[in-house]
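Examining the three-dimensional arrangement
The residues making up each chain are set out below.
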Amino acid sequence: MIRLLRKNPTVIVAFAVLAITALGAIFAPWLAPYAPTDQVLTMRLTPPSWSEGGSGDYLLGTDGLGRDILSRMIFGARVSLLVGLAAVLVQGLTGVTLGLIAGYFGGWVDKLIMRIADVQLAIPFMVLAIAVMAVL
């Protein structure tokens, strides 16, 4: 299987992007040019360095409070990867647990778990997200 994955260029590019993001998140304090919370109000809304009026000090520019966008993106990768990893772990544990219960008991327990899964898959994600946002 690994041999087949190595031949697929999409898998290689996706793995490279994920690896670079993970390494950037791990080494964020050493890679980021500035602290993500440092504010320099005189440099607020600086365009990226390649744009007219851009500064070489801020490669991706600054936000409305003068914070470096590149530094904020590097540190933000930590939170994004942590949330993604936590979601995968929780869903994986939930799925394995429900699958084991359904397989062990069978019968009506299996049918109940499968009907709950069918209902969950029948609701489009965007409709569910809009409903949750409306409630909150």
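Computed from a predicted structure; not experimentally measured.

**A short note on the overall build of the chain**
- Tallying secondary structure elements over the chain gives six helices and zero strands in all.
- Listing each helix as α and each strand as β along the chain from the N terminus yields α-α-α-α-α-α.
- On C-alpha atoms alone, the chain measures out to a radius of gyration of 23 Å, which is more than a quarter above the 14 Å that the 2.2 N^0.38 rule sets for 136 residues.
- Taking the principal axes of its C-alpha atoms as reference, the chain extends roughly 70 × 50 × 25 Å.
- Out of the 136 residues in the chain, the part that is buried amounts to 15%.

**Observations concerning the pattern of salt bridges**
- What the rule picks out here adds up to three salt bridges.
- For Arg72, the salt bridge is made with Asp63, and the minimal N-O distance between the two is 3.9 Å.
- Among the ionic pairs, Asp118 bridges to Arg115, the shortest N-O distance being 2.9 Å. With Asp118 and Arg115 both in helix H5 (residues 107–122) and three residues apart, the pair spans about one turn of that helix.
- Residue class for Asp118 comes out partly exposed when judged on its relative accessible area of 37%.
- A residue is classified by how much of its surface remains accessible, and Arg115, at 48% relative accessible area, is partly exposed.

**Considering the confidence of the model for the chain**
- Mean pLDDT over the chain: 92, with 100% of residues reaching 70 or higher.
- Per-element mean pLDDT across the chain ranges from 84 in helix H1 (residues 2–7) up to 95 in helix H4 (residues 69–105).

**A closer look at the side chain of Thr62**
- Inspection of the secondary structure assignment puts Thr62 in the loop between helix H3 (28–31) and H4.
- When neighbours within four sequence positions are excluded, Thr62 is seen to be in contact with Met43, Arg44, Leu45, Thr46, Arg67, Asp68 and Ile69.

Scoring rules and cut-offs
- Residues numbered from 1 in each chain as written.
- Predicted model: local features only at pLDDT ≥ 70, side-chain atom pairs only at ≥ 80, totals over all residues.
- Heavy atoms only, no water.
- Helix = DSSP H or I, 4+ residues; strand = E, 2+ residues; numbered from the N terminus.
- Rg over C-alpha atoms; globule rule 2.2 N^0.38 Å.
- Buried < 20%, exposed > 50% of the residue type's maximum accessible area, 1.4 Å probe, protein only.
- Salt bridge = Lys/Arg side-chain N within 4 Å of Asp/Glu carboxyl O.
- pLDDT = per-residue confidence, 0-100.
- Contact = heavy atoms within 4.5 Å.

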